[in-house]
Amino acid sequence: MEDERKTPEMRAQMTDVERLRHSTAHVLATAILKIWPEAQFAAGPPVDNGFYYDVDLPHRISPDDFEKIEAEMKKEIKANHPFERMEVSRHEALELGKKGRLAALTDRDQPSKFKLDIIENIPTDEKISLYRNGDFIDLCAGAHVMRTGNIGAFRLTSVASAYYKDDEKNPQLQRVYGTAFKTKKELDEHFAMLEEAKKRDHRKLGKELEIYIIDEDVGPGLPLWLPRGAAIIEELEKLAKETEFAAGYQRVRTVNIARERLYKKSGHLPYYAESMFPPMELSEDVEAIKRDELTREESDIASTVQRSNSSTEYYLKAMNCPHHHKLFAAVPRSYRDLPLRLAEYGFCHRYEQSGELFGLMRVRSMQMNDAHLYMTPEQFGAEFNAVNEMYLNYFKLFGLDKYLMRFSTHDPTKLGQKFVDESELWKQTEEMTRRVLKDSGINYVEVPNEAAFYGPKIDVQVWSVIGREFTIATNQVDFAQPRLLNLVYKDRDNTEKTPLCIHRAPLGTHERFIGFLIEHYAGNFPLWLSPEQVRILTITDEPQLLDYSRAILNELRGHQVRAEIDTSTDKINGKIQRAEQMKVHTMFVIGKRDMEASAVSVRLHGRGNLGAKSRGEAIADILSSIKERRA
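## Observations regarding the overall build of the protein chain
Logical step 1: Scanning the protein chain for helices and strands turns up 21 helices and 28 strands.
Logical step 2: By its C-alpha atoms, the protein chain is 85 × 75 × 50 Å across when sized along the principal axes.
Logical step 3: Classification of the 631 residues of the protein chain by burial places 52% in the buried group.
Logical step 4: Of the roughly 31,200 Å² of accessible surface on the protein chain, a fraction of 48% belongs to carbon and sulfur atoms.
Logical step 5: Each charge class in the protein chain can be summarised by its mean position, and for the 90 positive and 99 negative side chains these summaries are 3 Å apart.

Below, the structure is given as structure tokens:
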């Protein structure tokens, strides 16, 4: 947790709304102390969409207490106390902590135990500051609004348990959450958005629309796709394959398991071990290996046989890159072969912690829109920019107007620990990436200490139509693995060179991306992506009408349209209601007059009846909309 501690310089860069929320956290602590003077406080930072304060208190705070706490907060805000900053020496801060005066309204019998611990961990060369609002004094680096009266609209939202410093060896505290905005209008809009988000929750809609399940017998974080979910997957794969084929990608396929030594050679072990499933220990069949490797050199066979006399550890594949690197190395390469772009929708398995699993957003089994691009240094700029352009085209297709690329760099002090120990290559590749981003005019921010272990990366943040933020894709530079796995190509001067590699996944994983799309579209997918594109609803069950409807069904399915027919004996209103509940994109309502006119009555989910169209025109509209992938 010490690595995540914000410095005073970082605190000074807080946005206006972060200052507002951090100030509201202090007011929250003030109110709790007025009700329960024995409360002890740890950290109270602003977070995404709000703030929290961790408190140690015998009384179990519940939502039933929120009205009482909020009433005290309003008194503090009405009093309009200034937030006063006071710099103190380390000795003075410790003395105040021993008196129980920190995060308190007055001296107390018990010391401010969490604040004393925090003081001990403040670097010796860092100034120590306190902030006062009214009687409340807290150890704090800031920043704050000018006065408590500057706090606009706020609301407490929830309470949870949290270990001090998020370490289960430490005491368990109560974490009281809230949020604050400048105006009541903004606060109301925020909670309206949260209500809309609940309706769009991909876990809720995923079950209602029969898209996927997670079964306890299969295991947590291991989604199974129902036919309607599989249809979405196939459409996304088709989109990616068409896009990548046009961009000169070649498709490959790899296995889901490999020997430990591959991941050691690639550098993933030990850097990535915590995210991989535990290894499986297998005994090799020596004779089978001999038969399988007859084409190898005798020395290689002997070496393999010797190694296989003992058991070998295998890992489930957590990433596709080492396997793709082996495919690059399988054939002699020349500079004329580059850039080489290898693509695969490869399965990966990662051992996410149980508490981090979340629907489709955080899973243990994933199918990734992966590709690895191998190139000369001179080709890097064009290739990296082309990948970013692919991202932008996808954004346009899915109606993503707000996005941001997070350019993650390394920390020089952690070379050899968190990052590969290649100082000059880090500088070179980060500058190359930075230059491409600047030249292309793409909206990005630079984030230190979050690179991949083998090179700088870009994480793509997008916002859904209701303003929820998601990380859906990545674009990574790799200068380490090609060297570790001895990847080479012959350059113009006939010397062997190591290629640069770009890892990219514009559509991320099926799991996360479909989870995002469910919430983005609220399950109302565009026609080309809809699990059930057309449902035919007959007004009666007369044989002639059913024959006409089945002929239309066969014609649609002959064009690969995902169409169904409702042959139930329900009345037409019941059929329409059922189709609406399943968010079927288009309904063809067919009665006797439609049949006689060789027509259908077209109805769109959420938009109602569009009127009658000739059978040919209605089917042509469906086919053209799907082909063009209209929004």
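## Details of the sheet that holds strand S12 (residues 257-259)
Logical step 1: Taken in spatial order, the three strands of this open sheet run S12-S14-S13, and their pairing is antiparallel. One side of each edge strand has no neighbouring strand; the edge strands of this open sheet are S12 and strand S13 (280-282). Taking each pair of neighbouring strands and ignoring which way they run, the sheet shows an average axis angle of 35°.
Logical step 2: Bridge count for S12 against strand S14 (residues 312-316) is three bridges, and the pairing is antiparallel. Residue pairing for S14: Ala258 is matched across the bridge by Tyr315.

## Some details on the pattern of salt bridges
Where charged atoms from two side chains of opposite charge come close, those side chains can pair.
Logical step 1: Tallied over the entire structure, the rule returns 42 salt bridges.
Logical step 2: The residue Lys34 makes a salt bridge to Glu76 at a minimum N-O spacing of 3.7 Å. Placement of Lys34 in helix H2 (residues 16-35) and of Glu76 in helix H3 (residues 66-79) is noted, with a sequence separation of 42 residues between them.
Logical step 3: Residue class for Lys34 comes out partly exposed when judged on its relative accessible area of 43%.

## Side note on the nonpolar core
Logical step 1: Among the nonpolar cores identified, the biggest contains 83 residues, and Phe398, Leu556 and Phe588 are the most heavily contacted of them.
Logical step 2: Ranked by the residues each element gives to this core, the list is headed by helix H14 (residues 380-397), at eight residues.
Logical step 3: If we skip the residues at most four places from it in the chain, Phe588 touches Val534, Arg535, Ile536, Leu537, Ile552, Leu556, Val600, Ser601, Val602, Ala618, Ile619 and Ile622.
Logical step 4: Ala25, Val27, Phe66 and Ile69 belong to the second-largest nonpolar core, a separate cluster that totals 31 residues.

## What about the side chain of Asp138?
Logical step 1: Inspection of the secondary structure puts Asp138 in strand S6 (residues 136-139).
Logical step 2: A polar contact is formed between the side chain of Asp138 and the side chain of Tyr53, at a distance of 2.4 Å.
Logical step 3: In contact with Asp138, not counting residues within four places along its chain, are His26, Tyr53, Ala103, Lys115, Ser129, Leu130 and Tyr131.

## What to know about unusual backbone geometry
Logical step 1: Going from Leu269 to Pro270, the amide bond is cis rather than trans, its omega being 10°.
Logical step 2: Here the amide bond leading from Leu338 into Pro339 is cis, since omega sits at 0°, within 30 degrees of zero.
Logical step 3: Relative to the helices and strands, Pro339 is located in the loop between helix H13 (321-329) and strand S15 (340-349).
Logical step 4: Residue Asn49 is not a glycine yet carries a positive backbone phi of 65°.
Logical step 5: Structurally, Asn49 can be placed in the loop between strand S2 (46-47) and strand S3 (50-56).
Logical step 6: Despite not being glycine, Asn494 shows a phi value in the positive range, around 70°.
Logical step 7: With respect to the secondary-structure elements, Asn494 resides in the loop between strand S21 (489-490) and strand S22 (496-497).
Logical step 8: Under the relative-accessibility criterion, Asn494 is labelled exposed at 56%.

## Examining the environment of Ile590
Logical step 1: Looking at the element boundaries, Ile590 is found in strand S26 (residues 586-590).
Logical step 2: A sequence separation of 253 residues divides Ile590 from Asp337, and the C-alpha atoms of the two residues are 57 Å apart.
Logical step 3: The contact partners of Ile590, leaving out residues within four places of it in the chain, are Ile536, Leu537, Thr538, Ile539, Leu545, Tyr548, Ser549, Ile552 and Val600.

## Section: the packing of aromatic side chains
Logical step 1: Summed over all chains, the structure comprises 18 aromatic pairs.
Logical step 2: Relative to Tyr351, the ring of Phe277 lies with its centre 5.3 Å away and its plane at 75°, an arrangement referred to as edge-to-face. In this pair, Phe277 is assigned in the loop between helix H10 (268-271) and S13 and Tyr351 in the loop between S15 and strand S16 (365-375), connecting sequence segments 74 residues apart.
Logical step 3: Judged by relative accessible area, which is 18%, Phe277 ranks as buried.
Logical step 4: Measuring from centroid to centroid gives 5.1 Å for Phe398 and Phe513, while their planes differ by 80°, and the two rings are edge-to-face.

## As for helix H6 (residues 184-200)
Logical step 1: For H6, spanning 17 residues, the distance from its first C-alpha to its last is 24 Å, which sits close to the expected 24 Å at 1.5 Å a residue.
Logical step 2: In this fold, the buried residues of H6 make contact with strand S7 (153-163), strand S8 (172-181), helix H7 (202-208) and helix H17 (510-521).

## Comments concerning helix H19 (residues 572-581)
An α-helix turns once per 3.6 residues; consequently, residues spaced three or four apart project the same way.
Logical step 1: Among the residues making up H19, those that are buried are Ile572, Lys575, Ile576, Ala579 and Glu580. Along the long axis of H19, the arc covered by the buried residues comes to 135°, so they all point the same way. Facing away from the buried surface of H19 by more than 90 degrees, the exposed residues are Asn573, Gln577 and Gln581.
Logical step 2: Residues of H19 that are buried sit in contact with strand S24 (534-538), strand S25 (563-566), S26 and strand S27 (599-604).
Logical step 3: Immediately downstream of H19, the backbone of Lys583 shows phi near 55°, a positive value.

## Considerations on the environment of Arg251
Logical step 1: The residue Arg251 is located in strand S11 (residues 250-251) in this model.
Logical step 2: Take Arg251: its relative accessible area is 35%, and that puts it in the partly exposed class.
Logical step 3: Distance from Arg251 to Ala343, taken between C-alpha atoms, is 4.8 Å for residues 92 residues apart in sequence.
Logical step 4: The residues touching Arg251, leaving out its near neighbours within four places in the chain, are Lys241, Glu244, Ala343, Glu344 and Tyr345.
Logical step 5: Among the polar contacts listed, one links the side chain of Arg251 to the side chain of Glu244, at a separation of 2.8 Å.

Conventions and cut-offs
Residues numbered from 1 in each chain as written. Predicted model: local features only at pLDDT ≥ 70, side-chain atom pairs only at ≥ 80, totals over all residues. Heavy atoms only, no water. Helix = DSSP H or I, 4+ residues; strand = E, 2+ residues; numbered from the N terminus. Buried < 20%, exposed > 50% of the residue type's maximum accessible area, 1.4 Å probe, protein only. Areas by Shrake-Rupley, 256 points an atom, 1.4 Å probe, with all protein chains shown as cover. Lys, Arg positive; Asp, Glu negative; His and termini not counted. Charge placed at Lys NZ, Arg CZ, Asp CG, Glu CD. Pairing = 2+ DSSP bridges. Axes fitted to C-alpha atoms, helices over the stretch in contact; angles between N-to-C directions. Salt bridge = Lys/Arg side-chain N within 4 Å of Asp/Glu carboxyl O. Core = buried A, V, L, I, M, F, W, Y, C linked by side-chain atoms within 4.5 Å. Contact = heavy atoms within 4.5 Å. Polar contact = N/O pair within 3.5 Å; in protein donor to acceptor, adjacent residues only side chain to side chain. Phe/Tyr/Trp six-rings, centres within 6.5 Å; stacked < 30°, edge-to-face > 60°. Expected span 1.5 Å × (residues − 1). Arc of directions from axis to C-beta.

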